[in-house]
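# Observations on the model geometry
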Amino acid sequence: MNVTVHGAAREVTGSCYRVETAKTRLLVDCGMFQGSAYNDAKNFREFGFDTKDVDAVAITHTHLDHVGRLPKLVKEGFRKTIYLTKPTKELARIVLADAEKIMEEEFEREYRPKLYERTHMERACELMRGVDYSRWVTVGDLRFRFRDAGHVFGSAFVEVEQRGGARVVFSGDIGNIDVPILRPTAQIGSSDAVFIESTYGDRIHEDERTRMNTLRQAVLTTVKNGGVLIVPAFAVERTQDLLYFMNHLVEEGSMHPVNTYLDSPMAIRVAEVMKHYPEYYDRDALRLVSVGDDFFDFPGLRTTMTKEESKSINEAPKPKIIIAGAGMMNGGRIQHHLIRYLSDRKTTVLIIGYQAEGTLGRKLYNGEKRVRILGESVDVRASIISIGAFSAHGDQRKLVNWIKHGKAPAKRVYCTHGEEHAAVALATRINEELGIPADVPRFEETVAVE
Ligand SMILES: [Zn+2]
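Residues numbered from 1 in each chain as written. Predicted model: local features only at pLDDT ≥ 70, side-chain atom pairs only at ≥ 80, totals over all residues. Heavy atoms only, no water.

## Comments concerning the overall build of the chain
Put simply, the rule is: Secondary structure elements follow DSSP: runs of H or I of four or more residues count as helices, runs of E of two or more count as strands, with numbering from the N terminus. The globule rule used for comparison is 2.2 Å times the number of residues to the exponent 0.38, while the radius of gyration itself is calculated over C-alpha atoms. Accessibility here uses a 1.4 Å probe with only protein chains present; expressed as a share of the type maximum, an area under 20% marks a residue as buried, one over 50% as exposed, and anything in between as partly exposed. In this analysis, two residues are considered to be in contact whenever any of their non-hydrogen atoms come within 4.5 Å of each other. Computed with a 1.4 Å probe, the accessible areas rest on the Shrake-Rupley method; for each residue, only the protein chains presented here act as cover.
Looking only at helices and strands, the chain features 14 helices and 22 strands. The C-alpha radius of gyration computed for the chain amounts to 21 Å, which stays within 12% of the reference 22 Å derived for 450 residues, consistent with globular compactness. Looking at the chain as a whole, 60% of its 450 residues are labelled buried. Residue pairs in contact within the chain that sit at least 24 positions apart in sequence constitute 75% of those at least 6 positions apart. Carbon and sulfur atoms make up 47% of the accessible area of the chain, which totals about 18400 Å².

## Thoughts on the coordination of the zinc ion
Ideal donor angles around a metal are set by the shape: a four-donor tetrahedron calls for 109.5 degrees, a six-donor octahedron for 90 or 180 degrees. Short version of the rule: Note that water is not among the atoms considered, so a metal site may appear incomplete; the donors listed are N, O and S atoms within 2.8 Å of the metal, with 3.2 Å applied to Na, K and Ca.
Within the first shell, the zinc ion binds the protein through H61 (NE2), H63 (ND1), H151 (NE2) and D173 (OD), at distances of 2.2 to 2.3 Å. One chain supplies every donor to the zinc ion, and in sequence these donors are spaced H-x1-H-x87-H-x21-D. Of the two residues, H61 and H63, neither departs from the other in class, the shared state being buried.

## A word on the sheet that holds strand β15 (residues 320-324)
Picture the strands of a sheet paired through backbone hydrogen bonds; they go either parallel or antiparallel. Put simply, the test is: For two strands to pair, DSSP has to find at least two bridges joining them. The convention used is that axes are lines fitted to C-alpha atoms, helices contributing only their stretch in contact, and that angles between N-to-C directions extend from 0 to 180 degrees.
Pairing is parallel in the open sheet, where 6 strands are placed in the order β14-β13-β15-β12-β16-β19. Two strands close off the open sheet at either side, each with one partner strand: β14 (301-303) and β19 (383-386). For this sheet, the mean angle separating the axes of adjacent strands, direction not counted, is 20 degrees. Sheet contacts for helix α11 (residues 334-341): β12 (228-232), β13 (259-263), β15 and β16 (347-351); angle to β12, the most-contacted strand, approximately 145 degrees.

## As for the state of the cysteines
Rule in force here: The disulfide criterion is simple: two cysteine sulfur atoms within 2.5 Å.
Taken as a whole and assessed by the stated rule, the structure comprises 0 disulfides. Cysteine C30 shares no disulfide, and the gap to the nearest cysteine sulfur, in C16, comes to 4.7 Å. Judged by relative accessible area, which is 0%, C30 ranks as buried.

## A closer look at the pairing of strand β18 (residues 376-379)
On any regular strand, side chains alternate: one points to one face of the sheet, the next to the other face. Sheet topology note: the strand β17 (residues 370-373)/β18 ladder contains 4 bridges and is antiparallel. By the bridge assignment for β18, R372 is matched with S377. Two successive antiparallel strands, β17 and β18, enclose a turn made up of 2 residues, where L374 displays a positive phi of approximately 45 degrees.

## So, the domain arrangement of the chain
Counted only if it meets this: In this entry, domain limits derive from an automatic or database-based domain assignment. By definition, a salt bridge exists where a carboxyl oxygen of Asp or Glu is found within 4 Å of a side-chain nitrogen of Lys or Arg. As used in this structure description, the phrase polar contact means that two N or O atoms lie within 3.5 Å; if the pair is within protein, one of them must be able to donate a hydrogen and the other to accept it, and residues adjacent in sequence are counted only when both atoms belong to side chains.
Segmenting the chain into domains produces domain 1 (2-203 + 392-448) and domain 2 (208-390). In this structure, domain 1 and domain 2 have C-alpha centres spaced 27 Å apart. With 32 residues of domain 1 at the interface, the matching set in domain 2 holds 34 residues. The tally of links from domain 1 across to domain 2 stands at 1 salt bridge. E419 is the salt-bridge partner of R362, the closest N and O atoms lying 3.2 Å from each other. For the interface between domain 1 and domain 2, the tally reads 7 residue pairs in polar contact (both at pLDDT 80 or more). Tallying contributions element by element places helix α4 (residues 86-110) first for the side of domain 1 that touches domain 2, with 7 residues.

## Some details on the pattern of salt bridges
Side chains carrying opposite charge are able to pair once their charged atoms draw close together. By the definition in use, this model includes 36 salt bridges. Of the charged contacts, one joins R333 and D263 as a salt bridge, the two residues approaching to 2.6 Å between their closest N and O atoms. Taken together, the residues R333 in the loop between β15 and α11 and D263 in strand β13 connect sequence positions 70 residues apart. Note on accessibility: R333 and D263 belong to one class, buried.

## So, helix α14 (residues 420-434)
This is how it is decided: What a helix should span is 1.5 Å times the count of its residues minus one.
Taking 1.5 Å of rise per residue, 15 residues should cover 21 Å, and α14 covers 21 Å from first to last C-alpha, within 8% of that figure. Buried residues along α14 sit in contact with β11 (193-197), α13 (396-404), β20 (413-416) and β21 (438-439). Trailing α14 by a residue or two, G435 shows a phi angle of about 70 degrees, which is positive.

## Examining the packing of aromatic side chains
Where two aromatic rings form a pair, the distance of their centres and the angle of their planes describe that pair. Our working rule: Working definition: rings of Phe, Tyr and Trp (its six-membered ring) pair if their centres are within 6.5 Å, and the pair is stacked with planes under 30 degrees apart, edge-to-face with planes over 60 apart, and tilted otherwise.
Tallied over the entire structure, the rule returns 16 aromatic pairs. With centroids separated by 6.3 Å and ring planes inclined at 85 degrees, the aromatic side chains of F107 and Y111 adopt a geometry described as edge-to-face. Owing to a relative accessible area of 66%, Y111 belongs among the exposed residues under this scheme. Look at Y133 and Y280: their rings are 5.3 Å apart centre to centre, the planes differ by 55 degrees, and that puts the pair in the tilted class. Pair noted here: Y133 is in the loop between β6 (128-131) and β7 (137-139) and Y280 is in the loop between α8 (265-275) and α9 (283-290), with a separation of 147 residues, a long-range link. As far as burial versus exposure is concerned, Y133 and Y280 are alike and both buried. The rings of Y133, F153, Y277, Y280 and Y281 are connected pair by pair, giving a single aromatic cluster.

Written out as structure tokens, the structure is:
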């Protein structure tokens, strides 16, 4: 079989693989390019394959860089089935609807062309079919199944087999260790090739204790200074993890309740979906649920659904904590809070997720002292702290161990979904430590798997 990399080659976003045999064509993921204006433009380019010719799509998880081009696929003629896990199906609907809403707003504000219309998004959702982990789905002479990736709720890696032929694994995104609520990443089976993400392929995260201490310290400093703690959070998973940790800190008594605003309608909806699927929880989360502890709620927490409620956060007395999206700060309600509070020395911005090149989040992470937000120039006096251990992605050690502890050694590894330095670092590490040949494919490169 042949595998062509149609996105996330030497960069993090735009995941899309095309698996092809003489009889069957399967797409794994159909994600959006994100971050810079250059990347936005890439979404408008042709797919590089005949969209009507695709027999099925398998989606690893609900992040926009894995599902975001599905409506475009439909716009260009795709009418077959999109397979995903059941929670991913529900979450994808929320994420795609939100993306379409932002496009509509940008169109009305700046006449920016829309990648697709609402009808394409709705049609894509109608084509979705939820399947459980480990259940094989047959499409032509291929079959595939989802296994738990432990990255975000419902996330999967995909094992694809050709009848009487090769076996290939697509990692999707691989979760961090000790992620609350989620079960650990499942063991990888034998394979002729693994396409593995490398977002943090050149880094080692801080340990769990550092993670909790940093969070606790950021809250204590904010309380002591009477300031504002702003946490930009991805609506899927990071926000819920943060609530879970804060619930824990308040309940164990190491943190007094502070006025905390969850200012993300999408995150609130995602938490509701998660409550419907306790069978996807890990043991600790199940135990909490069984004793009636709602870990998405703790004293001091308020959720703000409407714009008016969001604006009222400004009037609330300090100290206060604001959790809002978008996670990379390049849109959403977080921008209004940043305009208001970034130039205040008593403000802390806690970065807990990956910040793509070109985003406002990356600029703050890099220590820029003046940024532009919604046309305004804002001085940065706030302290910007970041902690990789909150990331939804495994670090280099986790990725190497995942390959290493498979049922049988992979014959070959391809590192994707990482900036070039990270992908190359991971490939080198896998090659040196495990003795497995590892490459970093280029955009639209086709690899023969035998
Ligand atoms: Zn992801």
